[in-house]
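Summary of the model geometry
Below, each chain spelled out in residue letters.
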Amino acid sequence: EVARVAAGGVHACALRRDRSVWCWGYNQRGSLGDGTRTSRSTPVQVTGLGDVVDLAVGGWHACALRADDTVWCWGRNQYGELGDGTTTDRLVPVRVVGL
């Protein structure tokens, strides 16, 4: 069962009731979080991310709030939108620093 769906500019993600996140769509900049740059027309599970309680999706990136109150983001990072202190695109979730 799906608890929440969020759509971005090039992809969409769903938070399932089991607290896993699944994404689909364009993936050139890592928007799907599955460790690849392969676009998908069906959902794939975001790698290494569990116990998610909320989800937000931007144009080319996404962020998840875990039950332990940490925030994890993946995808395009051209302007530092992932919050990891870099401008490097991330193909899998990275923890936002300094919150």
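Thresholds, definitions, all that
Residues numbered from 1 in each chain as written. Predicted model: local features only at pLDDT ≥ 70, side-chain atom pairs only at ≥ 80, totals over all residues. Heavy atoms only, no water. Helix = DSSP H or I, 4+ residues; strand = E, 2+ residues; numbered from the N terminus. Rg over C-alpha atoms; globule rule 2.2 N^0.38 Å. Buried < 20%, exposed > 50% of the residue type's maximum accessible area, 1.4 Å probe, protein only. Contact = heavy atoms within 4.5 Å. Areas by Shrake-Rupley, 256 points an atom, 1.4 Å probe, with all protein chains shown as cover. Pairing = 2+ DSSP bridges. Axes fitted to C-alpha atoms, helices over the stretch in contact; angles between N-to-C directions. Phe/Tyr/Trp six-rings, centres within 6.5 Å; stacked < 30°, edge-to-face > 60°.

**A word on the overall build of the chain**
Looking only at helices and strands, the chain features zero helices and eight strands. Tracing the chain from N to C terminus, the helices and strands come up as β-β-β-β-β-β-β-β. In terms of overall dimensions, the chain is globule-like: its C-alpha atoms have a radius of gyration of 12 Å, near the 13 Å expected for 99 residues. C-alpha extents for the chain along the principal axes are approximately 35 × 30 × 20 Å. Considering the chain as a whole, with its 99 residues, one finds that 39% of them fall into the buried category. Looking at the chain alone, contacts between residues at least 24 apart form 33% of all its contacts between residues at least 6 apart. Summed over its atoms, the accessible surface of the chain is roughly 5000 Å², and 49% of this surface lies on carbon and sulfur atoms.

**Description of the sheet that holds strand E5 (residues 52-57)**
Read across the open sheet, the four strands follow the order E5-E6-E7-E8; overall the sheet is antiparallel. Across the chains shown, the open sheet's two edge strands, defined by having one partner strand only, are E5 and strand E8 (90-95). Strand-to-strand twist across the sheet, computed as the mean angle between neighbouring axes with direction ignored, equals 20°. When E5 meets strand E6 (residues 61-66), the two strands line up antiparallel, connected through five bridges. Pairing of Leu 55 across the sheet is with Ala 64, part of E6.

**Points about the environment of Gln 28**
By secondary structure assignment, the location of Gln 28 is in the loop between strand E3 (21-25) and strand E4 (40-45). Overall, Gln 28 belongs to the partly exposed group, its relative accessible area being 38%. Sequence-wise, Gln 28 and Gly 50 are 22 residues apart; in three dimensions their C-alpha atoms are separated by 23 Å.

**With respect to the packing of aromatic side chains**
Applying the stated criterion across every chain yields a total of one aromatic pair. With centroids separated by 5.5 Å and ring planes inclined at 90°, the aromatic side chains of Tyr 26 and Trp 60 adopt a geometry described as edge-to-face. Of this pair, Tyr 26 sits in the loop between E3 and E4 while Trp 60 sits in the loop between E5 and E6; the two residues are 34 residues apart in sequence, bridging distant segments of the chain. With a relative accessible area of 28%, Trp 60 lands in the partly exposed category.

**Here's the deal with the sheet that holds E4**
If you trace the four strands from one edge of the open sheet to the other, you get E1-E2-E3-E4, paired in antiparallel fashion. The open sheet is flanked by strand E1 (2-7) and E4, the only strands paired with a single partner. Shown here is a sheet whose adjacent strand axes are inclined to one another by a mean of 20°, direction ignored. Pairing between E3 and E4: three bridges, direction antiparallel.

**Examining unusual backbone geometry**
Its identity as a non-glycine residue notwithstanding, Arg 19 has a phi of 70°, on the positive side. If you trace the backbone, Arg 19 turns up in the loop between strand E2 (11-16) and E3. The backbone of Asp 51 sits at a positive phi, close to 60°, despite the residue not being glycine. Counting through the fold element by element, Asp 51 comes out in the loop between E4 and E5. Residue Asp 51 is classed as partly exposed on the basis of its relative accessible area, which comes to 35%.

Honestly, it's all geometry; don't read function into it.
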